[in-house]
Amino acid sequence: MDKRIILAKAGSGKTYYICNNLNPINKNLIIAYTNQNISNIVNEVSKAHDGIPNHTEIITFHSFIYRNFIRPYELLFSEKYNCPVFRSKGVSFVVPEPAMIKGKFNSKYHKNNTIKHYYTYNCEQVFLSRMSDLVVKNKEIFLHGISYMKKFFDYFYIDEVQDFRESDWKLLEMIIQELDNVVLVGDFYQHSVSGDNNSGIPFRVNNTLKKYKEYLTKLGLTVDELTLSKSRRCTKKVCEFVSIKTKINIEPFNMSSTSEVREISDREELINLLKDDLVMKLLLRNSHKQYFKAINWGNSKGDTYDAILVVLPSTHKKIFDEDFEISSEISRNKLYVTLTRTRGDLLIVQDEIFKEFNEKIL
Amino acid sequence: MGYIKNLRIIGFKRFTDFYISLNENTNIFVGDNEAGKSTIIEAIDILVNKTYENFDKYILGELFNSNAVAKFKTNPSFENLPRIVISGEFELKNTDRYSKDYYGINWYGSDKITSKYGILFECQVENDMKVDVADIIRKKIIPFEYYTLKWDTFKNEPYNKLKKALSFVPIDASNNNSFNSVDFYSKRLFLKKHEEKMTIVKTDFRTFLDESFSNLKLELLEGSKKFGLNHKKLILENIVGILDDEILIENRGKGLEKMIKTDLSIESKSENDVIAIEEPENHLSHTNLRKMIHNIQTKCADKQLIITTHNSLIVSGLSLKNVIWISENTKKTLDNLEPDDSDYFMKLENDNLLRFILANKVILVEGATEQLIVPYLFEMENSSEKRALESEGIDVISCNGLSYKRYLKIADILNKKVAVMTDNDGSDDKISEIVTYNNSNTTSKIFTPSSIEEHTWEVSLKKENELLIDELVKIQPNAKYKINGIELEDKKLAFMLLNKVDVSMQLINSQKKISIPNYLKELFKWIKE
């Protein structure tokens, strides 16, 4: 029995670790939260094992829940929710009617003891955001799903654990407790970076690493902070810079790696950098509106670039000052993720310089 | 290895509601012509190969159970519309390719608790069509075009033929249209083995033909018209055949063709294959049939095999445990038979076993003499009825001097009414053994003379018909008739024992009234009950 959570650092090779540590003979199930992550895993597993091994499945959490916990057992809902027997045709990304709108009761809301709370019109599709809740509230379906999982898989890997929130996390927690061999991988400091759903279970309460670790131990998980503590991506220089500025300690795997960390203030240099596609630009927002290759901070999670140019918002203006400090935890995590995207140089430009220049061009 | 564990067939052809469980390896379906042997195979074909997926729905008229149709006609309502359900449970391993997709609670009549592997086929008018078909139903018409044919795995996913966890190859030898059946077979085998490659090659194939054709540089027809290839006819699988030594197998003579066909499918590499062979005896000579049985036994060790047959050579050539006897809406199996008994019948090479299984009731007799005279006596006793034996479904079968006990074991499993006519061999022990047997059995009884004086059939017969025998049996006054080296006092009896069959023939040919020994009279009376 092996129930572990590996707390990893940015660029320490979470995906690489999972893909290279699984035994291709076993019946492995690899679950991740985002499609982006799934395609990374598929590539990595294919590289490591010369294609996806026969009994290994790689799937997003929501697809897995829909295909193995919900759809096969939909015939059980007719009795429970007093509705005709149906079979849904997939998952809806539409946001369902909430209970309250601006403090007032929403008349279009369906209570959670009706099938309409969980499904679109005529039970055509199940709401993505309420899928986990549906399973959590139906014990017999949960148990069916668990015995299905146990029949077809022996080893479970769950990537990017910090992305699971609220009912998704509740369901994942219930699942973990039923399984024998499960390895979870996540980076505490990368939680709340993706945009929506920035608070909530499990991080609302467990908002420090210490509390989070205690909480995981209570779930029966061994917390492993060593295996993936060192960044394979970032150089020594970048790690040092990030450790000091974010107070999140990150060390390089390769101590002799070199690159520069520098503030860009020269306009000529900035022009050249913006033209250079080998240098990825990371903007807080509106990256898609730029004429050069750029990505938003929040979307860069999991990515690796040869070199990056970070456009620094005015709130972080004083990053090169010695007494620089970030008060908000979420802002800190976002900065941490952004700065650690590079395997080479980390270049930073202040927002006002960037803007001034950009406006001139336009 | 994967196999079909059981089938539930509802409303399909002759089956109102039929359930059958199958053996892992070989299954031999025996039964009357119209019992539904091929219907089971057809049902599996529909389930696994989606036979009627793209057919005109009017074909359903031929598939619905006639009772279901009649029920609808007398009482037309949405609820009474005929429907077909075929639910097949598979045995698969959790490591088998795609097996995951087949496991769940969505089987017919599900308890909503137990998960199994399998496919569910349903052909019915869905509830949301209820309003649309109301008018048609009122006219007592079955709304064929409103029917949906639905194949789902037990996991409640649409069944995808490209993700088969188990494949099914039916080989139909009963079809006399040689060309079509071979053609159909080649196509099917080709698709089965190479469907994935097919999709890749299909486009290339068309492009290649188009190119070669345009290389002919034909002059244009008037206006914008020109000759081109009809893509509707460019279907690769339709022009695929199987070559044996570069000769199309359909050109190689029927018997051989069967052998090759059977061989081919049995050789197929896929792990979870189910193979059905319908009446392999139809087109094979005796020697080739034996060869084929040998092939099947050696090559099908790890495959599920379904054979339908009328030929008991097949039945006893393979293991008797595998025999499933199909009759209208019921089935009986012999898989509870002791290995020893099964072996006994496997070695037997005659039709008796199949006759025994197929008959409604059986009179088992000791040997050829009785087999000759008992039917005659039965008809005589029941002369008021025409062809009394046949109308009662009674077959008289000879054990050829061997033990009737093995037959009784089968009779017991099949719950078949069997009367045994046997000699008591002058043994009191044997008589009391028979009495004990009869006291504890109701479906089969053993009949023998109650006195040890009448130790054998001829004795009883002579005793009942002294005058007639005296007149018919002529002996040489000075001749000595020895039985086992001992000269009998009763020379006529000795002659009878030495010329059993001839005397029987004489008796029958004389057309004289023969008085039937008491125990045989009782037998006749009991078997008719």
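Reading the values: the criteria
By convention here, each chain's residues receive numbers from 1 onward along its written sequence. Here chains are named by letter from A upward and ligands by number from 1 upward, in the order in which they appear as written. With the structure being a predicted model, the display of local features is reserved for residues of pLDDT at least 70 and the display and counting of side-chain atom pairs for 80 or more, all residues being used for whole-chain, interface and lining totals. Each side-chain value is worked out from all heavy atoms of the structure, with water and hydrogens disregarded. Secondary structure is summarised from DSSP: a helix means a run of H or I of at least four residues, a strand means a run of E of at least two, and numbering begins at the N terminus for each. What the globule rule says is 2.2 Å times the number of residues to the power 0.38, and the radius of gyration is computed from C-alpha atoms. Each residue's exposure class comes from its accessible area (1.4 Å probe, protein chains only) as a fraction of the maximum for that residue type: buried when under 20%, exposed when over 50%, partly exposed otherwise. Pairs of residues are marked as contacts when any of their non-hydrogen atoms sit within 4.5 Å. Here, Shrake-Rupley sampling with a 1.4 Å probe gives the accessible areas, and only protein chains in the shown set may cover a residue. Counting rule applied: Lys, Arg positive; Asp, Glu negative; His and chain ends not counted. Every charge is mapped to an atom, namely NZ of Lys, CZ of Arg, CG of Asp or CD of Glu. Between any two strands, pairing holds if DSSP finds at least two bridges. Axes here refer to lines fitted to C-alpha atoms; in helices the fit is confined to the stretch in contact. Angles between the N-to-C directions go from 0 to 180 degrees. Roughly parallel refers to an angle under 35 degrees, roughly antiparallel to one over 145, roughly perpendicular to one between 65 and 115, and oblique to any angle outside these ranges. Two helices that cross are described as forming a left-handed crossing if the nearer one is turned anticlockwise from the farther one by less than a right angle, and a right-handed crossing if clockwise. Polar here means any residue other than Ala, Val, Leu, Ile, Met, Phe, Trp, Tyr, Cys and Pro, which are nonpolar, and Asp, Glu, Lys and Arg, which are charged; Gly is therefore polar. The split into domains, and so the bounds of each, comes from an automatic or database assignment of domains. The term buried area means the drop in 1.4 Å probe accessible area that two parts suffer when joined, counted for both and summed. Definition used for salt bridges: Asp or Glu carboxyl oxygen within 4 Å of a side-chain nitrogen of Lys or Arg. Whenever a nitrogen or oxygen atom comes within 3.5 Å of another N or O atom, the pair is scored as a polar contact, on the condition that within protein one atom can donate a hydrogen and the other can accept it, and that pairs from neighbouring residues in sequence are kept only if both atoms are in side chains. Without a salt bridge and with relative accessible area above 30%, a residue can belong to a patch; like charges are then joined within 9 Å and nonpolar side chains (Val, Leu, Ile, Met, Phe, Trp, Tyr) within 5 Å. Think of it this way: a Phe, Tyr or Trp ring, Trp meaning its six-membered ring, pairs with another when their centres are within 6.5 Å, and the plane angle makes it stacked under 30 degrees, edge-to-face over 60, tilted otherwise. What pLDDT expresses is the predictor's confidence in each residue, scored from 0 to 100.

Is there a simple way to explain the overall build of chain A in this structure?
Of regular secondary structure, chain A possesses 12 helices and 17 strands. Over its C-alpha trace chain A gives a radius of gyration of 23 Å, about what one expects of a compact globule, namely 21 Å for 362 residues. Dimensions of chain A along its principal axes, counting C-alpha atoms only, are 70 × 50 × 40 Å. A total of 362 residues make up chain A; the buried ones form 55% of that total. Restricting to contacts in chain A with at least 6 residues of sequence separation, those with at least 24 account for 72%. Counting only carbon and sulfur atoms, one obtains 49% of the accessible surface of chain A, whose full area is about 17,400 Å². Counting 51 positive and 45 negative side-chain charges, chain A places the averaged centre of each group 5 Å from the other.

Looking at this structure, I do not really get the sheet that holds strand β16 (residues 394-398) of chain B. What am I missing?
Backbone-to-backbone hydrogen bonds pair the strands of a sheet. The strands run either parallel or antiparallel. Residues and elements named next belong to chain B. Pairing within the open sheet is parallel, and its four strands lie in the order β16-β15-β17-β18. Both outer strands of the open sheet, β16 and β18 (444-447), are each paired with one neighbouring strand and no more. Averaged over all pairs of adjacent strands, the angle between their axes in this sheet comes to 20°, without regard to strand direction. Bridge count between strand β15 (residues 361-365) and strand β17 (residues 417-421): four bridges; the pairing is parallel. Looking across to β17, one finds that L364 is bridged to V420.

Hey, could you run me through the packing of helix α11 (residues 368-381) of chain B against helix α18 (residues 500-510) of chain B in this one?
Between two packed helices, both the angle of their axes relative to each other and the distance between the axes serve to describe the pair. Residue and element names in this part refer to chain B. Following both chains from N to C, one finds α11 and α18 inclined at 15°, their axes separated by 9 Å at the closest point. Of the possible angle classes, the one that applies to α11 and α18 is roughly parallel. Between α11 and α18 the crossing geometry is left-handed. Where α11 abuts α18, its residues T369, L372, I373 and Y376 lie against K500, V501, S504, M505, L507 and I508. For the contact of α11 with α18, the class distribution of residues is seven nonpolar, two polar and one charged.

Help me out: how do you make sense of the sheet that holds strand β3 (residues 57-60) of chain A in this one?
All names here are of chain A. Sheet architecture is open: six strands sit in the order β3-β2-β8-β9-β1-β10, paired in parallel fashion. Edge strands, defined here as strands with exactly one partner in the open sheet, are β3 and β10 (222-224). For this sheet the average axis-to-axis angle between neighbouring strands, irrespective of direction, equals 20°. With four bridges joining them, strand β2 (residues 28-32) and strand β8 (residues 155-158) adopt parallel strand pairing. Residue I30 lies in a different strand from β8, and its bridge partner there is Y157. Taken strand by strand, helix α3 (residues 61-70) contacts β2 and β3, and its axis lies near 100° from that of β3.

What exactly am I supposed to notice about the domain arrangement of chain B here?
How big an interface is tends to be reported as the loss of accessible area on association of its parts. All names here are of chain B. Per the domain assignment, the segments making up chain B are domain 1 (3-167), domain 2 (181-218 + 226-310) and domain 3 (359-528). If you look at the interface, domain 1 gives 26 residues, while domain 2 gives 21 residues. Together, the buried faces of domain 1 and domain 2 total about 1,900 Å²; carbon and sulfur atoms form 47% of this surface. By the criterion of area lost to domain 2, the three top residues of domain 1 are N25, I41 and S167, representing 28% of everything that side buries. The interface formed by domain 1 and domain 2 includes zero salt bridges. Taken together, the connections running from domain 1 to domain 2 amount to nine residue pairs in polar contact (both at pLDDT 80 or more). Of all the secondary structure elements, the ones that give two or more residues to the side of domain 1 that touches domain 2 are β1 (3-12), β3 (26-30) and α1 (37-49). Per element, the largest residue contribution to the side of domain 1 that touches domain 2 is six residues, and it comes from α1. Of the residues contributing to the side of domain 1 that touches domain 2, the split by class is 12 nonpolar, nine polar and five charged.

Explain a nonpolar patch on the surface here, please?
On the surface, a nonpolar cluster with roughly 400 Å² of combined accessible area is contributed by B:L216, B:L218, B:L221 and B:F227. As for its placement among the helices and strands, B:L218 is situated in the loop between α5 (178-214) and β9 (243-244).

Sorry, what's going on with the interface of chain B and chain A here?
In this complex, chain B contributes 17 residues to the contact, which on the side of chain A involves 18 residues. On the chain B side of the contact with chain A, B:K100, B:K112 and B:N156 bury the most area, a combined 34% of that side's loss. At the junction of chain B and chain A, the tally comes to six salt bridges. Residue B:D101 is joined to A:R67 by a salt bridge in which the shortest nitrogen-to-oxygen separation is 3.7 Å. Here the side of chain B that touches chain A is composed, by residue class, of five nonpolar, six polar and six charged.

How do you make sense of the pairing of strand β4 (residues 84-91) of chain B when you look at a structure like this?
One face of the sheet, then the other: side chains in a regular strand alternate in exactly this way. All names here are of chain B. The buried fraction of β4 is high, at seven of eight residues. Alignment of β1 against β4, held across seven bridges, turns out to be antiparallel. The partner of R8 across the bridge, within β4, is S87.

Could you clarify how one ought to interpret the environment of A:E57 in this entry?
Inspection of the secondary structure assignment puts A:E57 in strand β3. Assessed through its relative accessible area of 17%, A:E57 is described here as buried. Linking A:E57 and A:L29, residues 28 residues apart in sequence, is a C-alpha distance of 5.0 Å. Each residue touching A:E57, except ones within four places of it in the same chain, is listed here: A:N28, A:L29, A:I30, A:R67, A:F153 and B:K100.

Please explain a negative patch on the surface as it appears in this structure.
All names here are of chain A. A contiguous patch of negative charge, built from D321, E322, D323 and E325, is present on the exposed surface. By secondary structure assignment, the location of E325 is in the loop between β16 (307-312) and α11 (329-339). A relative accessible area of 63% means that E325 is categorised as exposed.

Explain the pattern of salt bridges to me, please; I cannot follow it from the model alone.
Pairing between side chains becomes possible if they bear opposite charge and their charged atoms approach one another. In total, this model carries 39 salt bridges over all chains according to the counting rule given. The salt bridge partner of B:D152 is A:R87, with a shortest N-O separation of 2.6 Å. Taken together, the positions of B:D152 in strand β7 (residues 148-153) and A:R87 in the loop between α4 (77-80) and β4 (91-92) put the pair across two chains. In this structure, A:K213 and A:E225 form a salt bridge, with 2.8 Å as the shortest nitrogen-oxygen distance. Note that A:K213 is positioned in helix α8 (residues 209-218) and A:E225 in the loop between β10 and β11 (230-231), a separation of 12 residues in sequence. Classification of A:K213 as partly exposed rests on a relative accessible area of 26%. Put simply, A:R67, A:R71, B:D101, B:K155 and B:E157 are held in one network by salt bridges that share partners.

How should I be thinking about the packing of aromatic side chains in this particular structure?
For the structure shown, the criterion picks out 34 aromatic pairs over all chains. Taking 6.2 Å as the distance between ring centres and 35° as the angle between the ring planes, the aromatic pair formed by A:Y148 and B:Y103 counts as tilted. Of this pair, A:Y148 sits in helix α6 (residues 139-152) while B:Y103 sits in strand β5 (residues 103-104), which puts the two residues in different chains. In this pair, the class of A:Y148 matches that of B:Y103, namely buried. Look at A:F188 and A:Y212: their rings are 5.0 Å apart centre to centre, the planes differ by 35°, and that puts the pair in the tilted class.

Mind showing me how you'd approach α11(A) here?
Since the α-helix advances by 3.6 residues per turn, residues separated by three or four positions end up pointing in the same direction. All names here are of chain A. Of all the positions in α11, only R332, N333, L335, Y336, V337, T338 and L339 are classed as buried. For α11, the secondary structure elements touched by its buried residues are α9 (236-246), β14 (279-283), β16 and β17 (346-350). You can read the cap of α11 off the contacts: a side-chain oxygen lies 3.3 Å from the backbone nitrogen of I330, and it is on S328.

I keep staring at the confidence of the model for chain B and nothing clicks. Help me out?
Low pLDDT marks regions whose predicted coordinates should not be analysed in detail. Across chain B, the average pLDDT comes to 82, with 81% of residues at or above 70. Complex prediction metrics read pTM 0.71 and ipTM 0.78.

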